[in-house]
Amino acid sequence: MSASLNITAATVDPALLDLPWDLPLENWPNETIASLPKGISRHLVRFANLSGYVVAVKETTAEMARGEYDMLRTLQRMDIPCVDPVAVITGRSDESGDPLPSVLVTRHLKFSLPYRALFSQQLRPDTAGRLVDALAVLLARLHIAGFFWGDVSLSNTLFRRDAGAFAAYLVDAETGKLYGGGLSNGQRENDLEIARVNIAGELMDLEAGGRVDDALDPIKLSDGIVAAYRSLWTELTGSESFSSSERWRINERVHRLNELGFDIEELAIKTDETGSRVRIQPKVVDAGHHQRRLLRLTGLDAGENQARRLLNDLDSYGATFAKANMDEEMMAHEWLIRVFEPVIKSIPRDLKGKLEPAEVFHQLLEHRWFMSQNQARDVPLAEALTSYINDILRHRRDEATVIAPPTGAITLPTAVIDSPNENWRDRV
Amino acid sequence: MSSVTFDNATRMYPGGTRAAVDQLNLEVADGEFLVLVGPSGCGKSTSLRMLAGLEEVNDGRILIGDRDVTDVPPKDRDIAMVFQNYALYPHMTVAENMGFALKIAGVNKDERASRVLEAAKLLDLEEYLTRKPKALSGGQRQRVAMGRAIVRQPQVFLMDEPLSNLDAKLRVQTRTQIASLQRRLGVTTVYVTHDQTEALTMGDRIAVLKDGILQQVGTPRDLYEKPQNVFVAGFIGSPAMNLLTADLADGGIQFGARVVPVDRDIIGQTSAKQVTVGVRPEDIEVSTEPGNGLEVHVDLVEELGADGYLYGHADINGKRTDLVARVDGRTHAHAGEKVFLIPTPRHVHVFDVESGLRMNAAVSAD
């Protein structure tokens, strides 16, 4: 190993030093490589096991690795869903002392999946639609934070199951830039156009590989991100005006945003000179409305839709079992120890890696609903749980760190030298 | 293909005290390769982003051809940002990779096929059209990615520091290749860089910006031989031009014990007793004979084989001034020695000491 190896990390994991940094990434031995489905990348990215976690290792220039590391840290501080930057490693060289590219190490999010791992044989239109919707939400959140992505795509995103929907996480911040004064409409439009073209390309690629359902139309689906983004953006930032006698519309707007999973931190309210009309516009919105309520009441950390689902169950539990003088917190505590925890504890140890606890609970509720429909009776939770574990959960693959046949990654170097005498046109 | 016009284009950031780009007036001719260059924060990237539609134009207009695009969304401007977002899809053929964006744009099949073929011919990819990217070399993959931009037949290519992440050697190689391809395609191109060498070697013309203000626009030779002000004089050229404050004397400029002759008309333009003088390192004669110009103490000589650069310092009116002169690689002075420097006749750039503006004509070629 090179004596001048240089590691920059917030918290240094000594196991980092044991990875074979003196080998080019493409030559890393199989025992260090975790087999994860690869996306399409400009740079070579491989996944390695590190202290019980899976990390993504990307070879790039020192400048870009540092830039992206800093950007991911900044985004994390802003509560943007993104991968965890672990370290930047520069000064690598091989056995003969020749320099090797710098690398950026990020931590693979547990239970997060690349889009290519979200279907076994063929991608169905409804799954693709949910992926696109999740990406639209992520893009709107990034834009509200003033982040221009520059390379929006399914490949640059990881997805976590979120109670029937997906939650999207930013993976690749290489082309991104934060603008303190917010983004212009042109920048937002450009990101949307990049997203539309990239998503269509990715779906057409799956189509060319025979991996999509016949009913899936790549162009129609990629157009879907534009529509989903625009309606969300209008709801999150648009102003509306109404007669001052209709002030209930303020509450209605807050409620609509809550339903979408956002809280309003700041709302601008203006009345005209006569006082007869009111104009409102959200100024600061914050994602995670249901996540925060669930966390406050139960200490559970879940996805937004999972949180919504759990809260619905909690609320209906409260409606059924509430006693006089019992406040919301007490009710939540009771639901947690009487309903949620027993379910999670009864999941056999060997099945714990299948799904996140909140997702298990969501699926169990779904399963009970289907059972009740089929049998035309109220199926008790305990009975549904046994059936769910044996008939469904046991047959799922482990998604904590998905191992699936890797799809080929085509890397596109910014520039390469194949041989010193090559034709110049080989290098544009 | 089309021309590009910045017409008094101005960008003010909210809360900013001065314009990031201040009343930019610039015309890029049809098919021209124009380089925007300047130090960090000069407004070059902002100008490019204004043209791309990513930055609001607060005042003035931007035209592509005769069309005012000031308020047109980026995707409707008929421009291509090259070297961005160019993923290649493994299951699609080279032809599909190059043409899929046209399919999304609703271009019909025959038209797609003919545009892809045309681009493939230009990029020498014709024989690979039915292959998958995996079967291509790294360089060929890059050409496919470039093909994606070419088939769109944009009016203008925009490139924002595309070489900034390459190492020095690759940067040198790649820049000539981009310039050659641009000339083959003949597409109007606006290219942003902070590197003046890149600008000199690539551009048909170069626009130099500083603090959001266009300093000068011209061919590489124009900028080198007739910089309009002290900033451009110091920015263009490597090693940089020597710039020093010198006393005016009867019929010329005082250089140590000697007077370098300058036209009386030029001296007549200023009421000051001094001027800023610019001399390129290659336009200096070095002598060991005392009194033969400005006395300079040699600090270092950088050997480059046939040539070398002599770095030294002089005392001009009590102020230490650093100087660089190109010297013969075999016979030159050494560190610690004393030499006398005098500009070669008619290779002196004269600038007003107050305004920094150029006072004389271009230096002559002889």
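Reading guide: rules and limits
In this convention, every chain numbers its residues from 1, walking through the sequence in written order. Chain A is the first chain written and ligand 1 is the first ligand written, with later ones labelled in order. Whole-chain, interface and lining totals are the exception, using all residues; otherwise, since this is a predicted model, local features are given only for residues with pLDDT of at least 70 and side-chain atom pairs are given and counted only at 80 or more. Secondary structure follows DSSP: runs of H or I at least 4 residues long count as helices, runs of E at least 2 residues long count as strands, and numbering of each begins at the N terminus. Around each residue's C-beta, the other C-beta atoms within 10 Å are counted; 20 or more make the residue buried, 12 or fewer make it exposed, and counts in between make it partly exposed. All C-beta atoms are placed from the backbone. Contacts here follow a simple rule: the backbone-placed C-beta atoms of the two residues must lie within 7 Å. Put simply, a nonpolar core is a cluster of buried Ala, Val, Leu, Ile, Met, Phe, Trp, Tyr and Cys residues tied together by C-beta atoms within 7 Å. Expected helix span is taken as 1.5 Å per residue step, with the number of steps being one fewer than the number of residues. UniProt positions are given in the numbering used here, feature names are shortened, and annotations may be inferred rather than shown by experiment. Those domain boundaries reflect an automatic or database domain assignment. Two strands are said to pair when DSSP picks up at least two bridges between them.

1. Remarks on the overall build of chain B
Thought 1: Tallying secondary structure elements over chain B gives nine helices and 20 strands in all.
Thought 2: Taken over the C-alpha atoms alone, chain B extends approximately 80 × 50 × 35 Å along its principal axes.
Thought 3: The proportion of buried residues among the 366 residues of chain B is 44%.
Thought 4: Within chain B, counting contacts between residues at least 6 apart in sequence, those at least 24 apart form 66% of the total.

2. Some details on the nonpolar core
Thought 1: Among the nonpolar cores identified, the biggest contains 176 residues, and L135 of chain A together with L158 and V190 of chain B are the most heavily contacted of them.
Thought 2: In terms of residue count, helix α2 (residues 125–144) of chain A provides more of this core than any other element does, twelve residues in total.
Thought 3: Listed in part, the 18 residues of the second largest apolar core include A307, L311, V360 and L364 of chain A.

3. Some points on the environment of V298 of chain B
Residues and elements named next belong to chain B.
Thought 1: Position of V298 relative to the elements: it lies in strand β16 (residues 294–303).
Thought 2: Exposure remark for V298: the 21 C-beta atoms within 10 Å place this residue in the buried category.
Thought 3: Along the backbone, V298 and A105 are 193 residues apart, and their C-alpha atoms lie at a distance of 64 Å.
Thought 4: In contact with V298, other than residues within four places in its own chain, are L310, G312, A333, H334, A335, G336, E337 and V339.

4. A few points about unusual backbone geometry
Residues and elements named next belong to chain B.
Thought 1: Cis rather than trans, the peptide bond between S238 and P239 has omega equal to -5°.
Thought 2: Within the secondary structure layout, P239 lies in the loop between α8 (230–235) and β11 (242–249).
Thought 3: Phi at Q23 is positive, roughly 45°, even though this residue is not glycine.
Thought 4: Structurally, Q23 can be placed in strand β2 (residues 21–28).
Thought 5: In this structure, D211 takes a positive phi of about 50° despite not being glycine.
Thought 6: Here D211 is to be found in the loop between β9 (205–210) and β10 (213–218).

5. Examining helix α1 (residues 62–77) of chain A
Residues separated by three or four positions in an α-helix point in the same direction, a consequence of the helix having 3.6 residues per turn.
Residues and elements named next belong to chain A.
Thought 1: Between the first and last C-alpha of α1 there are 23 Å, a value that for 16 residues agrees with the 22 Å anticipated at 1.5 Å per step.
Thought 2: Close packing links the buried residues of α1 with β4 (53–60), β5 (84–90), β6 (102–107), β8 (147–148) and β10 (165–170).
Thought 3: Following α1 by one or two positions, D79 has its phi on the positive side, about 65°.

6. Let's talk about the UniProt feature "domain: DUF4032" (unreviewed entry) in chain A
Thought 1: Taking the UniProt record as the reference, the feature "domain: DUF4032" (unreviewed entry) is found at residues 231–393 of chain A.
Thought 2: End C-alpha atoms of residues 231–393 of chain A are separated by 36 Å, and the span's content is 58% helix alongside 15% strand.

7. Digging into the domain arrangement of chain B
Thought 1: According to the domain assignment, chain B consists of domain 1 (4–226) and domain 2 (240–351).
Thought 2: Domain 1 of chain B and domain 2 of chain B are separated by 41 Å when their C-alpha centres are compared.

8. Regarding the sheet that holds strand β5 (residues 67–68) of chain B
All names here are of chain B.
Thought 1: Strand order in this open sheet of four strands is β2-β1-β4-β5, and the pairing throughout is antiparallel. Every interior strand has two partners, whereas the edge strands, β2 and β5, have only one.
Thought 2: Across five bridges, strand β1 (residues 4–11) lies against β2 in antiparallel orientation. Bridged to R11 within β2 is V21.

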